[in-house]
Every structure is written in C-alpha cells, then in structure tokens.
Amino acid sequence: MDTLAYLHLAESYAASSNSEPATVTDSDLYIPQPAWIKNHSGAIILAVSVALGAVNLSNQAMALKRGDSSSQVVSLQQKLQAAGYLQHKPTGYFGSITETAVRNFQKAKGLTPDGIVGPKTLAALESSSGWDKIASSSSPPTTSPDVAQQQQSPPTSQRSLRQGDKNDQVISLQQQLQAIGYFKQPITGYFDAATQAAVIKFQQAKRLTIDGIAGPQTFSALKSHSSNLASAPVVTTKTQVPVKPPTATTSKPSQGMKHIKTISGNISPKSVVYSGNGLFFAQNMMYNHTITVYNRNYELVKEISDAVDLSQYGYSKVKGKYRGAPVEASFSHNGKYAWVSNYKMYGPGFNNPGSDNCYPAQKTDKSFLYRINTETLDIDQVIQVGSVPKYVATSADERLILVSNWCSWDLSVVDAVKNQEIKRIKLGKYPRGIAVDGNSETAYVAVMGSYDIAQVSLRDFSVKWLKNIGRSPRHLNIDPSGEYLYASLNGEGKVVKISLPQRKVIDKVFTGNAPRSMALSDDGQILYVVNYKEHTVSKVRTRDMKVLQKVNVEANPIGITYDPKTREVWVACYSGNIMIFQD
C-alpha cells in the first residue's frame, strides 16, 4: 500500500516534530540531526562521534555498503565530506551518491573501487580526513551496564499510553522521545497532540503500526533505539533489493540518462510535477507541511505553507488555521493554476483521519484540494473532496479536475470554473492513478485494491471497466495518440501496455521492485519508471517495451516528472532529495 504504513522516510524526516492535530509553528519545519550528534556541539565532540563509529565498525568486522542506514554511515559521510569527496550533507543513508564518493576516494588512494567501506578504506579515510588525530585526545561518552540493562525492555506492568493520558509514564515516554530527537516540547506528563505527533513519527520510522498509541511494540522499539544509541553499534536497516541488470543498455552511454543535479533541504517529496511553464512543484506531505517550487535553474522559488484558514474559503464551521499534507499536483490553464491534493487536514474538528487500510463505512475525514496561482504562488481556492485524496488530473479542455480518494473509494469531479465538487463517482477499493484522454471525453482510473482500471465518461460520468490488467495497478499514462495506456503494477513489479481500441494488455515488462509513478516523454516514445523498493529509475522504450537503461537513485524514489523543453527527468526521493537527470 502506498501510504503511511510503508513509508520508508529517512530518520531525519521522521524526527521532525510537527504537532499534527494542533497548530504547528515555523520551528517545526526543519530537519533535526540524528540525536547522537544533535546533543553535542563543537569539532572535538563531533570527532568523538565519528571515531566511535569507526571503532564499532572495526570491532565488529563489518563493512558499510549501499543500502545501509545507521549512525556509522553518518560518520562515513562526514569523513568523505572532510576529505573533499562528498558535497552533500550527511543523511545516515548509504545511497548512490555516497557509493560514488567512496569509489572516487578508493580510486584516488589506489584501493579496489568496489564502493564498499571495509578496514582498508576506513583506515585511508581516517588518515585523509584527520578525524583520528582530532579524536585521539578525547574519549566517547559511555552508558553504565545497569542503565543499559534497564533500557532493554519496558516494565511488564506498563500499559498503553494515548492522547489524553496524564501520569508519570507519560513523563518517561516524553523523555525517551526527547532524548532521541522526536519530541521538542517541554516535559509535562500530559499526552497531548505534540506527544502523539512524536509517537507517530517514531512509529513511521520504525515501521510499526501507526496509531499514535504508545503500546508494547512502541515501548520495545523505543528502548531498543535508546540502547543502540547509548552503545552506538553498527545498526543497518536494509530494504535494498539486488538490482538486476537492465535487459538492454544504450549503445552510446552518452545518450542515456545522466545525473546532473540533486536538490535537498527541508523536503520530503511525495511527488514532483512539471507545470508546463518552467516551474516544478514538490509536495512534501505532513512531514514538512509545504509545497516547494523550483525553476529550471534548480533554484527554490518559494516554499508554500499548507496552512489555510478554511473559513475564508466558505467553510464557516471551521475557524482559524488548518494544515494539510500535500500529496500530488496537476496543472491547468497553461500552467497558471496548480491543483494540489492533501492527504488529510490537521486542526480542530478533524479527528477521524484515514489510513492505509480503510473503507467508506469508517466515515473518515474528508480533505481538501488547493488551487495555487503560479504567478503569485499563493493558495487562492480550497475545495472539499473525499477522504485521503491522492492523485490529481486535469482534463485537456481545463473544465474538470479529477481527484482519486483513497479511503472513500471514489473519484471527485471538480468544476474548474465554479471551484467546487460537482460529482462523486464510486469506484472500489483504493483508487489511485488517473489519465485523461486528449479529447477530454474519458478518464482512466487505476484501482489499486483490484486488477482493474475504471473507464469513466466525462460526459455522463458512467463507468466501464478494463478488466484483469494486473495486480494492484497504481499509476497511469496515456500516449499522445490516445491509442495506448500504460499502467504500473505495484503488486507485480511490471509495467503493462494496454491497447485501448482492443481493450487488453498487449505487452508488459519487469522494471524493478515496486514500480510506482511514471512519466512519459512528449513524443510518447520513452517511459520513465521509479522503482520504489529497488532505489532505481528505469527508462523504457514504449515501442517494444524494452528497458533501455536503469539508473541508481537515492532511497525510495516515489515521484517523477519530465520537462520536454530541456529533456530533463526530475525524480522525487522520499528520503529527502530531488534528483535531476539529463536524457
């Protein structure tokens, strides 16, 4: 499923402390450093942390390699930075950029350039960066065995804690969350909205059930995390799947995709979408509560907050500022307007949010679609749609905006002139991707909880079905001629080519583990596919559905867009980067 339950965000984003159900201040919009670094300052203390990582690495005779995520990776990245081989800030995740830096360093030092950090590479790094000399005069902090033993498991009598509780156990919970960087507020002993938000962030990072309740699993993970930080062992969380070689490679590598830029900062992009007029919108969900806008020079034009006063847009029952969670975007009127969906809303009255596993009978909260004027980059319209809206698509005639609603299992049809929802169409379990034909007569909607794609008439809103397309269709693209529809099958690792006249699949290709979003070139000849769990992007020739190239990207690529003027491909990585490739 493509929502909060399986999000693999980098630790830095999971640790941000937005107070979700209550008002969130500007101080929440930043990426904290890992707790073991953040709690110290000064070059000597930092060096101690780096040296500690090196000691643990050598003591346990383990090597660091691509896919690892730990405090030791932070140490490695800092050394590469100090030696001049890494320009990006440390993230703790060993991705393609870190691997390239390691290989370059190994080549320069006459080592085997395998991209794996073993004892020889580590020793050469320490010598080059000079961290060992700085750290030799200091010793790392230690934790007594008694304290470490106490941190291994919660008391058996400890009950679950939830919002509204007030006792000494909540004090302990807040202290633990604060110590590892998830809770920024004063210790009060009251389980308020900020405490719940911190618990949710921790649960997301540890892949626990995300319910905001501190139960046995959450306490166990907290104790384990705290114990790990105290002793600083090499801890890795691997989600990487071995990358299969592409079925074919371009005969001239210079003509393939080439990485030219990485954008980072206070972002957690769920999607990145090209406007058609030189702007790129990145939707950063509830982890940053922003939409970041970039130009073709890769410059940040504006960071748009998702906070709105709903009463100013005709929703008189809700007063004051509310925050959203930007998911996807689509553009209309030659790029003048951006339409951005919000996973859910945060504020008084929104007490029954949707989740990964949801159904209409739960009556989860409805959410909102924002319209942003791309000339002023201000939110100028807010339209209520269904529950947990995901994908957004605009009809070519610019009269309709379509929104797939994950938890209400339906499609919202919004009149782009009246700026209001005019129709809700029931589709079934977990509607996701949308593609609209060039005549603005038919919309196709992928229904992820099935094997089918809905075919919706935009004249009378009747529904037909393309049946048995494949397991869990997620994203859709329609080619310029309107003859073919492409669908990523999240449940099969494949992309299928559908003949619309024949109403059947005519070809398919395996692109990688968990293909998610796709982007189609303007001529319809090339399809770019992000493979979420494999950390790659596949370039597919649509004529024969052949993988021409596969490139490595940072962790968890989730969104992708294409600029036909520059022939650049922008890839949104949930781990906190946007990578740009020239093709």
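Peer 1: Could you give me a rundown of the side chain of Ser-575, with the residues and numbers involved?
Peer 2: As for its placement among the helices and strands, Ser-575 is situated in the loop between strand 29 (568-573) and strand 30 (577-582). With a relative accessible area of 9%, Ser-575 lands in the buried category. For Ser-575, the side chain forms a polar contact with the main-chain oxygen of Ala-555, separated by 2.8 Å.

Peer 1: Go over the sheet that holds strand 23 (residues 504-510), please, and point to the residues and values.
Peer 2: Strand order in the open sheet made by the 4 strands is 20-21-22-23, with antiparallel pairing throughout. Since the sheet does not close on itself, it has two edges, and those belong to strand 20 (473-478) and strand 23, each with one partner. The sheet shows a mean angle of 25° between the axes of neighbouring strands, direction not considered. For strand 21 (residues 484-489) and strand 22 (residues 494-499), the ladder comprises 6 bridges, and the chain directions are antiparallel. Along strand 22, the bridge assignment pairs Leu-489 with Lys-494.

Peer 1: Go over the nonpolar core, please, and point to the residues and values.
Peer 2: Nonpolar side chains in soluble globular proteins tend to end up buried together. Within the largest apolar cluster, 28 residues are counted, with the highest numbers of intra-cluster contacts made by Met-285, Met-286, Tyr-294, Tyr-343, Trp-406, Trp-570 and Ile-578. Those elements that place two or more of their residues in this core are strand 2 (271-274), strand 3 (280-283), helix 12 (285-288), strand 29 and strand 30. It is helix 12 that provides the largest number of residues to this core, a total of 3 residues. Every residue in contact with Met-285, bar those within four places of it in the chain, is listed here: Ser-268, Lys-270, Thr-290, Asp-306, Ala-325, Pro-326, Val-327, Tyr-343 and Tyr-574. Counting 22 residues, the second largest nonpolar core, distinct from the first, contains Val-293, Ile-304, Tyr-322 and Ala-338.

Peer 1: Explain the pairing of strand 2 residue by residue, including any values.
Peer 2: Residues Ser-271 and Val-273 line one face of strand 2 and the alternating positions Val-272 and Tyr-274 line the opposite face, and both faces are buried. Sheet topology places strand 2 next to strand 3; 4 bridges connect them, and they run antiparallel. Across the sheet, Tyr-274 pairs through a bridge with Phe-280, a residue of strand 3. Here strand 2 hands over to strand 3 after 5 residues, with Gly-276 in that stretch at a positive phi of 95°.

Peer 1: Provide a residue-level description of the state of the cysteines, including the pertinent values.
Peer 2: Going through the model one piece at a time under the given rule, you end up with 1 disulfide. Through a disulfide, Cys-358 is tied to Cys-407; the S-S separation comes to 2.1 Å. Looking down the S-S bond of the Cys-358 and Cys-407 bridge, the torsion is -90°, so its handedness is left-handed. With Cys-358 in the loop between strand 9 (337-342) and strand 10 (368-373) and Cys-407 in the loop between strand 13 (400-405) and strand 14 (410-415), this residue pair connects regions lying 49 residues apart in the sequence. For the pair Cys-358 and Cys-407, one class covers both residues: buried.

Peer 1: An account of the pattern of salt bridges is requested, with residue identities and associated values reported.
Peer 2: Once their charged atoms are close, side chains differing in charge can pair, the charge on each being opposite to the other. Applying the stated criterion across every chain yields a total of 15 salt bridges. A salt bridge links Lys-467 to Asp-452; the shortest N-O distance between them is 3.4 Å. Of this pair, Lys-467 sits in the loop between strand 19 (463-466) and strand 20 while Asp-452 sits in the loop between strand 17 (442-447) and strand 18 (453-457); the two residues are 15 residues apart in sequence, bridging distant segments of the chain. Here the salt bridges do not stand alone but share partners, grouping Asp-410, Glu-421, Arg-424 and Lys-426 into one network.

Peer 1: Give a detailed account of the environment of Ser-127, specifying residues and quantitative values.
Peer 2: By secondary structure assignment, the location of Ser-127 is in helix 6 (residues 119-129). Look at Ser-127 and you get exposed, because its relative accessible area is 54%.

Rules and cut-offs
- Residues numbered from 1 in each chain as written.
- Predicted model: local features only at pLDDT ≥ 70, side-chain atom pairs only at ≥ 80, totals over all residues.
- Heavy atoms only, no water.
- Helix = DSSP H or I, 4+ residues; strand = E, 2+ residues; numbered from the N terminus.
- Buried < 20%, exposed > 50% of the residue type's maximum accessible area, 1.4 Å probe, protein only.
- Polar contact = N/O pair within 3.5 Å; in protein donor to acceptor, adjacent residues only side chain to side chain.
- Pairing = 2+ DSSP bridges.
- Axes fitted to C-alpha atoms, helices over the stretch in contact; angles between N-to-C directions.
- Core = buried A, V, L, I, M, F, W, Y, C linked by side-chain atoms within 4.5 Å.
- Contact = heavy atoms within 4.5 Å.
- Disulfide = S-S within 2.5 Å.
- Salt bridge = Lys/Arg side-chain N within 4 Å of Asp/Glu carboxyl O.

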